[in-house]
Amino acid sequence: MKITDITIRHLQMELKSPFTTSFGTFKSRDFLLLEAVDENGTIGWGESVAFHSPWYNEETLYTNWHILEDFLIPLLINKEIRHPDEVSEKIFTSIRKNNMAKSTIEGAIWDIYAQQTNQSLADALGGKKEQIEVGISIGIQSKIDDLITLVDGYVREGYKRIKVKIKPGWDIEVLHELRNRFPKIAIMADANSAYSLEDIDLLKQLDKFDLMMIEQPLASDDIIDHAHLQNELKTPICLDESIHSLEDARKAVELGSTKIINIKIGRVGGLTEAKKIHDYCEKKGIPVWCGGMLESGIGRAHNIALTTLPNFTLPGDTAGSNHYWKRDIIVPEVVASNGFIEVPKTVGIGFKVNQEVVEEFTIKKKHYR
Ligand SMILES: O=C(O)CCC(=O)c1ccccc1C(=O)O
Ligand SMILES: [Mg+2]
């Protein structure tokens, strides 16, 4: 295939309810969508998971736009691509990091490749599952009672794994109440790097809540302190922010910094690298799951396809569209029923993009050829 035309858009979608992490609160989600067209007119879609500000990592949607416009698109446009793996393995090798920018365009190439080979994106990646198990990620609330009420609702909806965000001051007491009220459910906690090794005594207290895992307790670029912490904890540590590549995953696993890995397609630079991390972890007996970045339906569709690979044995964060949006930009929307999402069987990402709704949420767009 050859990509002849690309459109980048900045979209803004209002979240149904604000989402608070240890770093701050989101009321709406700004993100980039990329539409790529090949020489036969096949259209592929990719979503940038970078946020409006660089709180989660150093990228933002405008650094992504800059890297795409000035570097990635010129490297890729009108170039013959035989397989999507070539995007990261050959075409983008001269550009360091900027993984979310790379992943945006690579995702669209995978979508086109799947359509041209007449298969679903899940099949193109080698996934076998017909349905995937998902959990829910709940932001920091102002009161514990509010959290309990929310969790109660999600448990009734059938979500089998509940993730809560924690930070200093919103941790022990919250998890204690939650465990008391829900003795049997799978609970995990995500700190988004809100602690340091100085908090080791507090973190050790989390062991008594029988958590499925604690996600990224320490610094976002660390794998050394996490290894020290894991030595002292019974609760498995899961790394999110620290893992940007297969190499990072290998080093963290070798050091014993992590027992589980959260794979986010954008954070690792695309589906090809995500698959490599998956394969490596499978060999090493490290379970993986697919993280979420409050994606629109397009990013969600990519997450679902990736999760069909066999070592995604733990429920991911890709909840149903209705958890986030009044109206999503794909048809049908993603539906989670009893904690499961059916994997679409149609070609490509398996969902139609609702162009009218995309247009409605577009703040800015630009065309490249
Ligand atoms: O529901 C989702 O999409 C995942 C929510 C979530 O936990 C999250 C949302 C935004 C940024 C980072 C994270 C995270 O996993 O750390
Ligand atoms: Mg996380």
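Data block above holds the structure.
This section reports on the structure supplied with the text. The model shown is predicted, which means the values in this text are computed figures rather than measured ones.

Turning next to the overall build of the chain. In terms of helices and strands, the chain carries twelve helices and 15 strands. By the compact-globule yardstick of 21 Å for 369 residues, the chain fits well, its C-alpha radius of gyration being 20 Å. Seen through its C-alpha atoms, the chain measures out along the principal axes to roughly 60 × 40 × 35 Å. Expressed as a percentage of the 369 residues in the chain, the buried residues total 61%. When contacts within the chain are restricted to residue pairs at least 6 apart in sequence, those whose partners lie at least 24 apart make up 72%. Surface accessibility of the chain: about 15,000 Å² in total, with carbon and sulfur atoms responsible for 50%. Both charge centroids of the chain, one from 44 positive and one from 54 negative side chains, sit 2 Å from each other.

The next thing to look at is the packing of aromatic side chains. The full count for this structure, using the stated rule, is ten aromatic pairs. When the ring of Tyr62 is compared with that of Trp65, the centres are 6.1 Å apart and the planes differ by 10°; the resulting orientation is stacked. Within this pair, Tyr62 and its partner Trp65 are both found in helix α1 (residues 61–76), separated by three residues, close to a single helical turn. The partly exposed category is assigned to Tyr62, whose relative accessible area is 37%. Seen in terms of ring centroids, Tyr324 and Trp325 are 6.2 Å apart; in terms of plane orientation they differ by 35°. Their pairing is tilted. Take Tyr324 and Trp325: they sit in the same class, and that class is buried. Through a chain of ring-to-ring contacts, the aromatic side chains of Phe23, Phe26, Phe51, Trp55 and Tyr56 assemble into a single cluster. One residue, Arg161, lies across the ring of Trp289, its end atom 5.0 Å from the ring centre. Here Arg181 stacks its cationic end above the ring of Phe182, 4.8 Å away from the centre of that ring.

The next subject is the packing of helix α9 (residues 246–255) against helix α10 (residues 271–284). At a closest axis distance of 9 Å, the pairing of α9 and α10 adopts a crossing angle of 25°. Judged by the angle between their axes, α9 and α10 are roughly parallel. In the packing of α9 onto α10, the handedness of the crossing is right-handed. Note on element contacts: α10 touches α9 through Glu273, Lys276, Ile277, Tyr280 and Lys284, opposite Leu246, Ala249, Arg250, Val253 and Glu254.

Two orientations exist for strands paired in a sheet by backbone hydrogen bonds: parallel and antiparallel. Pairing in this open sheet of seven strands is parallel, and the strands run β5-β6-β7-β8-β9-β10-β11 from one edge to the other. Edge positions in the sheet fall to β5 (136–138) and β11 (288–290), since each has one partner strand and no second. Note: strand β7 (residues 186–190) against strand β8 (residues 214–215), two bridges, orientation parallel. Across the sheet, residue Asp190 finds its bridge partner in β8, namely Glu215. Against the sheet, α10 touches β10 (260–263) and β11, its axis set at about 165° to β10.

About the thresholds
- Every chain is numbered on its own, with residues counted from 1 as its sequence reads.
- Just so you know, chain letters begin at A and ligand numbers begin at 1, following the order they were written in.
- The model is predicted, so local features are restricted to residues of pLDDT at least 70 and side-chain atom pairs to those at 80 or more, both for listing and for counting; the totals for chains, interfaces and linings are taken over all residues.
- Excluding hydrogens and water, the side-chain figures rest on all heavy atoms present in the structure.
- Comment: elements are numbered from the N terminus, with helices defined as DSSP H or I runs of at least four residues and strands as E runs of at least two.
- Radius of gyration: over C-alpha atoms. The globule rule applied is 2.2 Å multiplied by the number of residues raised to the 0.38 power.
- With a 1.4 Å probe rolled over the protein chains alone, any residue whose accessible area is under 20% of its type maximum counts as buried; one over 50% counts as exposed, and the rest are partly exposed.
- Here, two residues are considered to be in contact whenever any of their heavy atoms come within 4.5 Å of each other.
- Computed with a 1.4 Å probe, the accessible areas rest on the Shrake-Rupley method; for each residue, only the protein chains presented here act as cover.
- Residues counted as positive are Lys and Arg, residues counted as negative are Asp and Glu, and His and the chain ends are not counted.
- A charged residue contributes its charge at one atom only: NZ of Lys, CZ of Arg, CG of Asp or CD of Glu.
- Paired rings are identified among Phe, Tyr and Trp, the last through its six-membered ring, by centres lying within 6.5 Å, and are further divided according to the angle between planes into stacked (under 30 degrees), edge-to-face (over 60) and tilted (the rest).
- Note on geometry: a ring has a charge over it if NZ (lysine) or CZ (arginine) is within 6 Å of the ring centre and within 35 degrees of the ring normal.
- For helices, the fitted axis covers only the stretch in contact; all axes are lines through C-alpha atoms, and the angles between them, taken along N-to-C directions, range from 0 to 180 degrees.
- Roughly parallel means an angle under 35 degrees; roughly antiparallel means over 145; roughly perpendicular covers 65 to 115; every other angle is labelled oblique.
- Each crossing gets its hand from how the near helix is turned against the far one by less than a right angle, where anticlockwise is left-handed and clockwise is right-handed.
- A pair of strands counts as paired when DSSP detects no fewer than two bridges linking them.

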